[in-house]
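Coordinate inspection notes
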Amino acid sequence: MPPSFEIRPARQADGAFLGDMVVEAANWRSGGARPRHQVLTSPEHSRYVAGWMRPGDSGFVALDPHGQPVGAAWYRMLPRSDPGFGYVGTGVPELIIGVRPIWRAHGVGRMLLQRLCEQARAQGYGRISLSVERDNFAATLYRSEGFAVTQSGFGRDTMVKRLR
């Protein structure tokens, strides 16, 4: 059965939706969700969407059958002076992914992840990184797609996938 969603390249106009997906990613646990404004005004999260789409940014958006966005995956090149949670080094893009809860476990995240890794490889990157809280169920998806833990921090792991 074909997927009930489609994937398209992210555009500059998707910035607000990417913000929504940062909030989804930050609030992946059920209950106790932080408000959108609190997540997006914190520097550790705002760096993933501020100024979207700048040179080096790339991503994809998943759409439901009605054309409504349900998930996104994108990467940014963050500088050593302002690294993200999954920063591993200069020249390694950091991936961010979020999927609306009702669309989780339907293949949306996997397809977004695969498309984004293909894009990074096509743009000449040798590796891509991400950060995941250790008890997040998405870590299983990342491992199944070839990501491996390279650094462990307080409650979270940095994972890297080799693209070449």
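So, here is what we can say about the structure in this document.

Rules of the game
- Residues numbered from 1 in each chain as written.
- Predicted model: local features only at pLDDT ≥ 70, side-chain atom pairs only at ≥ 80, totals over all residues.
- Heavy atoms only, no water.
- Helix = DSSP H or I, 4+ residues; strand = E, 2+ residues; numbered from the N terminus.
- Rg over C-alpha atoms; globule rule 2.2 N^0.38 Å.
- Contact = heavy atoms within 4.5 Å.
- Areas by Shrake-Rupley, 256 points an atom, 1.4 Å probe, with all protein chains shown as cover.
- Lys, Arg positive; Asp, Glu negative; His and termini not counted.
- Charge placed at Lys NZ, Arg CZ, Asp CG, Glu CD.
- Phe/Tyr/Trp six-rings, centres within 6.5 Å; stacked < 30°, edge-to-face > 60°.
- Buried < 20%, exposed > 50% of the residue type's maximum accessible area, 1.4 Å probe, protein only.
- Pairing = 2+ DSSP bridges.

1. Looking at the overall build of the protein chain
Check the secondary structure of the protein chain and you find five helices and seven strands. When the helices and strands of the protein chain are read in sequence order from the N terminus, they spell out β-α-α-α-β-β-β-α-β-α-β-β. In terms of C-alpha radius of gyration, the protein chain reaches 15 Å, essentially the compact-globule figure of 15 Å for 164 residues. C-alpha extents for the protein chain along the principal axes are approximately 40 × 35 × 30 Å. Residue pairs in contact within the protein chain that sit at least 24 positions apart in sequence constitute 64% of those at least 6 positions apart. As displayed, the protein chain has an accessible area near 8,400 Å², and 54% of this comes from carbon and sulfur atoms. Side chains of the protein chain carry 21 positive and 14 negative charges; the gap between the two charge centres is 5 Å.

2. Focus: the packing of aromatic side chains
The full count for this structure, using the stated rule, is three aromatic pairs. Considering the side-chain rings of Phe5 and Trp103, the 6.3 Å spacing of their centres and the 85° angle between planes classify their relative orientation as edge-to-face. Here the residue Phe5 occupies a position in the segment before β1 (6-9), and Trp103 occupies one in the loop between β4 (94-99) and α4 (108-122), the gap between them amounting to 98 residues. For the pair shown, Phe5 and Trp103 are each scored as buried. On the basis of an interplanar angle of 80° and a centroid distance of 5.8 Å, the ring pair of Tyr75 and Tyr125 is categorised as edge-to-face. In this pair, Tyr75 sits in strand β3 (residues 69-76) while Tyr125 sits in the loop between α4 and β5 (127-133), placing the two residues 50 residues apart along the sequence.

3. Focus: the pairing of strand β7 (residues 156-162)
Among the seven residues of β7, five are classified as buried, and the element is accordingly described as predominantly covered. In the sheet, β5 pairs with β7 via seven bridges, with the strands oriented antiparallel. What sits directly across from Leu130, in β7, is Met159. As paired strands, strand β6 (residues 148-152) and β7 are joined by four bridges and run antiparallel to one another. The partner of Val149 across the bridge, within β7, is Met159. Between β6 and β7, which pair antiparallel and follow one another directly, the connecting turn spans three residues, one of which, Gly155, has a positive phi of 75°.

By themselves these figures say nothing about function.
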